[in-house]
Amino acid sequence: MNREEIRVLTKEDFFRAGETVHIQMSDEFPDYIGIRHKHEYIEVVYVLSGHAIHEIDDKVYRVKQGDLFIVNRNTPHVFRCEEGQKEPFVAYDLMFTPEFFDSSISGYHPLDALNQSFMFHSLFSGRKEMPPFFSISGSEYAAFGELFHKIFREHSECKKGYREIIRAYLLELIITIFRLDEATAKQEGNLRIRQVVDFILDYINRNYTSKISVGQLAQMVYLNPDYLGRIFRDLTGTTITEIIQKVRIEHVCALLSSTKQSISNIASSCGFDDMKFFYSVFKKRMGVLPGEYRKQFQSNQ
């Protein structure tokens, strides 16, 4: 794939002053088609007519009318028009920053389809571990076209309360997108849940020396703590707290057997800040106290 220079686009290139949402037709800015770029905002692209090649990171897609892409922040991509097509390539480019929603999404618990969508909230996190884009191919034009038309009209006319109406339409658009994705996810079994659990396990293994709570982890993946705990237990057969303790004790044992550090220093370096609790957890898991474990290991050498 051609690795040309990546142009960095900012809000100021398109957004009106003070705005956190913008929508335009791709043919209004033809100079940007064919230019590889990335941007500081989230972009939802909906193809109205024509065909094009869409390159996102290292993936290549042929897009047509009805296709929809959500491209995350700082994700390089480019649309390249195909020659000789009967209809010109035209798409809606809907751009917004996470601030456009304030806290309305993450705190609105009745929207279960959204609150429990790990992929959706990955767009707001900007974490490198998350998917950089999401796509729906071959969608019926009527499924999204009317919502884009309404958003475009409100943004163009700027009537009183237009931001609130756009926010409502955009929320409806996103919920509709992920309802469609949810139907596909059911056919793929526990793929989404597995993605969440794998992220939690990886985070614990990389950050066991720091303070970690179920509430903190739930906040990171935008799930209710009870719901996160339930899906984690169902998939792994244990609790998040038990996994955290297991990982920490494994590292404690490694240090007890390979270094002469004091037990208190080892416990502290592995994420335990309460020595009484540490001794209790260690004895429960290993059957002996830390000092006895070290002596047993040394005697077996």
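Look up a bit, the structure's there.
Remember, it's a predicted structure, so these values are computed and weren't measured experimentally.

Rules and cut-offs
Residues numbered from 1 in each chain as written. Predicted model: local features only at pLDDT ≥ 70, side-chain atom pairs only at ≥ 80, totals over all residues. Heavy atoms only, no water. Phe/Tyr/Trp six-rings, centres within 6.5 Å; stacked < 30°, edge-to-face > 60°. Helix = DSSP H or I, 4+ residues; strand = E, 2+ residues; numbered from the N terminus. Lys NZ or Arg CZ within 6 Å of the ring centre and 35° of its normal. Core = buried A, V, L, I, M, F, W, Y, C linked by side-chain atoms within 4.5 Å. Buried < 20%, exposed > 50% of the residue type's maximum accessible area, 1.4 Å probe, protein only. Contact = heavy atoms within 4.5 Å. 1 Å grid on protein atoms, 1.4 Å probe; cavity = no way out; pocket = protein on both sides within 12 Å on 5 of 7 lines; lining within 4 Å. Points joined across faces, edges and corners; volume = space filled by probe spheres on them. Salt bridge = Lys/Arg side-chain N within 4 Å of Asp/Glu carboxyl O.

**Some words on the packing of aromatic side chains**
Counted according to the given criterion, the structure contains 14 aromatic pairs. A ring pair is formed by Phe14 and Phe29, whose centres lie 5.5 Å apart and whose planes are at 85°; its orientation type is edge-to-face. You can see Phe14 sitting in the loop between β1 (7-9) and β2 (21-25) and its partner Phe29 sitting in the loop between β2 and β3 (37-39), a full 15 residues away along the chain. Feature note: the residues Phe272, Phe277, Phe278, Tyr279, Phe282 and Tyr293 constitute an aromatic cluster, connected by ring pairs. Looking at Arg167, its charged tip hangs above the ring of Phe100, at a distance of 4.6 Å from the centre.

**Focus on the nonpolar core**
By size, the foremost hydrophobic cluster in this structure holds 35 residues, and its most contacted members are Ile200, Ile204, Leu217, Leu228, Val252, Phe278 and Phe282. Breaking this core down by element, the ones donating at least two residues are α5 (191-207), α6 (214-220), α7 (225-236), α8 (240-258), α9 (263-269) and α10 (275-286). Looking at which element gives the most residues to this core, the answer is α8, with eight residues. Filtering out sequence-adjacent residues up to four positions away, Ile204 remains in contact with Ile212, Leu217, Ile240, Ile243, Ile244 and Val247. Core analysis: the next-biggest nonpolar cluster, separate from the first, contains 26 residues, Ile70, Phe148, Ile174 and Ile177 among them.

**Here we look at the environment of His155**
Here His155 is to be found in helix α3 (residues 141-157). The class for His155 is buried, based on a relative accessible area of 4%. A sequence separation of 131 residues divides His155 from Gln24, and the C-alpha atoms of the two residues are 9.1 Å apart.

**What about empty space enclosed by the protein?**
Inspection of every chain in the model, using the stated rule, returns two cavities of 30 Å³ or more. Quantified by volume, the largest cavity comes out at close to 210 Å³. Taken together, 21 residues make up the lining of the largest cavity; nearest its centre are Tyr32, Ile33, His37, Glu43 and Asp93.

**Quick notes on the pattern of salt bridges**
In a structure, side chains of opposite charge can pair up when their charged atoms sit close to one another. A complete count under the given rule lists nine salt bridges for this structure. We note a salt bridge from Lys159 to Glu157, for which the minimum N-O separation is 3.6 Å. Arg194 serves as the salt-bridge partner of Asp198, at 2.7 Å between the closest nitrogen and oxygen. A residue pair is termed a helical-turn pair when its members lie 3 or 4 positions apart in one helix, as Asp198 and Arg194 do in helix α5 at four residues. When its relative accessible area of 31% is taken as the criterion, Arg194 is described as partly exposed.

These figures come from the coordinates and say nothing about function on their own.
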